[in-house]
Amino acid sequence: MIEAPAGTAWYVYGVAEDDPTLARLEGVELIRDSGLTAVVRAVPLEEYDEAALPERLNDRDWLERNARAHEDVLQEVAAVTAVVPLRFGAIYRSRDQVLGMLDERAGEFRSTLERVRGHVELGVKAWVDLPSLERTLGGDEVAAGSAGAAYLQRRRQEQERSRQATARCAELAEEAHRRLSEVAVAAVANRPQPRELTGRTEAMVLNGAYLVRSGDDLLRLEVERLAKEHSSDGVEYELTGPWPPHNFAEERT
Amino acid sequence: MVERRSLAEQVTLLDLVDRVLNKGVVVTGDVTLSVADVDLVYVGLRLLLASAATLEREAAR
């Protein structure tokens, strides 16, 4: 391993357990130090220049290309050995600085690798179609009376139904996360993605990440059960993964 | 239940950003995204994705 070519720097994707098969990965370089391997690639420094970066990050094509590249490398590494994913944009100008980072954080990397070895991350999202959930909650028929009184009563019922629907969503999400956590080694409930970003009409009520043993089918079966049980409430489940352990990379305190 | 394998081409940009930019170990490199920068990404992405979603919906019509 020599220094990154002029005008480039080392972008570090993740830190893996040393494994001879890593050498077969294409398009990446390995920087090794006492049992830990930083998986890196030389990237043009100007693209990651601090001044240019905010603009790049707001360029959808650039962001998508580089976020996918980051994920692709981690997936390839994870297929071979245990890996701690680093956050996007860890750049070092020299090999020595990468070695310094490995050395400084060695204890943390080792304990995380120990924890994630043989495991994968699965993502579970639950989506609720609010109108159909509100329909299942039903409501009283509007009593006969003057038009004005009937209107007020209908408004009150709508507000009550919407309040009940919100409470039911929280209940469903909580139940799902609890049951999924029981079949996982570790679990994180992330903030649901807002509707203006998902572009979907359904509301996301659960955005969970679960660390499970590689090849373990229990979580997938539990999602299937939840999907069956909650379908009458207008809930749809989505399972993503296996992912490298992005959500379980930080050391627990 | 909808199942999506995380082969990168099947994963949404939003899911990628959620993991690749928001999770993972933070190390101090020569270039490191500060929290403020990530917030900027979110602001930018919000606008970009919102407009992309709108475009896709319009295209689907």
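Fair warning: this is a prediction, and the values are worked out from it, not measured in the lab.

S.K.: Help me get a handle on the overall build of chain A, residues and values and all.
M.R.: Across its full length, chain A carries 8 helices and 9 strands. Here the C-alpha atoms of chain A give a radius of gyration of 24 Å, more than 25% beyond the 18 Å that 2.2 N^0.38 yields for 253 residues. Across its three principal directions, the C-alpha atoms of chain A cover 85 × 40 × 30 Å. Taking all 253 residues of chain A together, 37% fall into the buried category. Within chain A, contacts between residues at least 6 apart in sequence are counted, and of these 77% link residues at least 24 apart.

S.K.: Please set out the nonpolar core residue by residue, giving values where relevant.
M.R.: Residues and elements named next belong to chain A. Ranked by internal contacts, the top residues of the largest apolar core, which has 72 residues, are W10, V12, V15, V40, V98, A126 and Y210. Formed jointly, this core draws a minimum of three residues from each of two domains, domain 1 (8-116) and domain 2 (119-248). Those residues in contact with V40, other than ones at most four positions away along the chain, are W10, Y11, V12, Y13, V28, E29, I31 and V98.

S.K.: How would you explain the pairing of strand β1 (residues 8-17) of chain A if you had to name every residue and give the values?
M.R.: Residue and element names in this part refer to chain A. Counting buried residues in β1 gives 9 out of 10 residues, a clear majority hidden from the surface. As judged from the 2 bridges shared by β1 and strand β5 (residues 91-92), these two strands associate in the antiparallel manner. What sits directly across from Y11, in β5, is I91.

S.K.: Summarise the confidence of the model for chain B; cite the residues concerned and give the values.
M.R.: Residue and element names in this part refer to chain B. Overall, the prediction assigns chain B a mean pLDDT of 65, with 38% of residues at 70 or greater. Averaged over each element, pLDDT in chain B is lowest for helix α2 (residues 35-60) (53) and highest for helix α1 (residues 13-21) (86). Interface confidence for the predicted complex, expressed as ipTM, amounts to 0.85; the pTM equals 0.86.

S.K.: Give a description of unusual backbone geometry that names residues and reports values.
M.R.: Residues and elements named next belong to chain A. Between G241 and the following residue, P242, the backbone shows a cis peptide bond with an omega angle of 5 degrees. With respect to the helices and strands, P242 occurs in strand β9 (residues 235-243). Even without glycine at this site, S34 takes up a positive phi of about 35 degrees. Structurally, the position occupied by S34 is in the loop between β2 (29-33) and β3 (36-44). Since 10 C-beta atoms lie within 10 Å of it, S34 is described here as exposed.

S.K.: Residues and numbers for the domain arrangement of chain A, please.
M.R.: Residues and elements named next belong to chain A. Taken domain by domain, chain A holds domain 1 (8-116) and domain 2 (119-248). Using only C-alpha atoms to locate each centre, domain 1 and domain 2 end up separated by 35 Å. The interface of domain 1 with domain 2 comprises 6 residues on the first partner and 6 residues on the second. Counting only elements with at least two residues in the side of domain 1 that touches domain 2, the list comes to α2 (60-78) and β4 (83-85). Take the side of domain 1 that touches domain 2: its biggest share by element is 3 residues, from α2. A breakdown of the residues in the side of domain 1 that touches domain 2 according to their chemical character gives 5 nonpolar, 1 polar and no charged.

Cut-offs used in this document
Residues numbered from 1 in each chain as written. Chains lettered and ligands numbered in written order. Predicted model: local features only at pLDDT ≥ 70, side-chain atom pairs only at ≥ 80, totals over all residues. Helix = DSSP H or I, 4+ residues; strand = E, 2+ residues; numbered from the N terminus. Rg over C-alpha atoms; globule rule 2.2 N^0.38 Å. Buried ≥ 20, exposed ≤ 12 C-beta atoms within 10 Å, placed from the backbone. Contact = placed C-beta atoms within 7 Å. Core = buried A, V, L, I, M, F, W, Y, C linked by C-beta atoms within 7 Å. Domains from an automatic or database assignment. Pairing = 2+ DSSP bridges. pLDDT = per-residue confidence, 0-100. Nonpolar A, V, L, I, M, F, W, Y, C, P; charged D, E, K, R; others polar.

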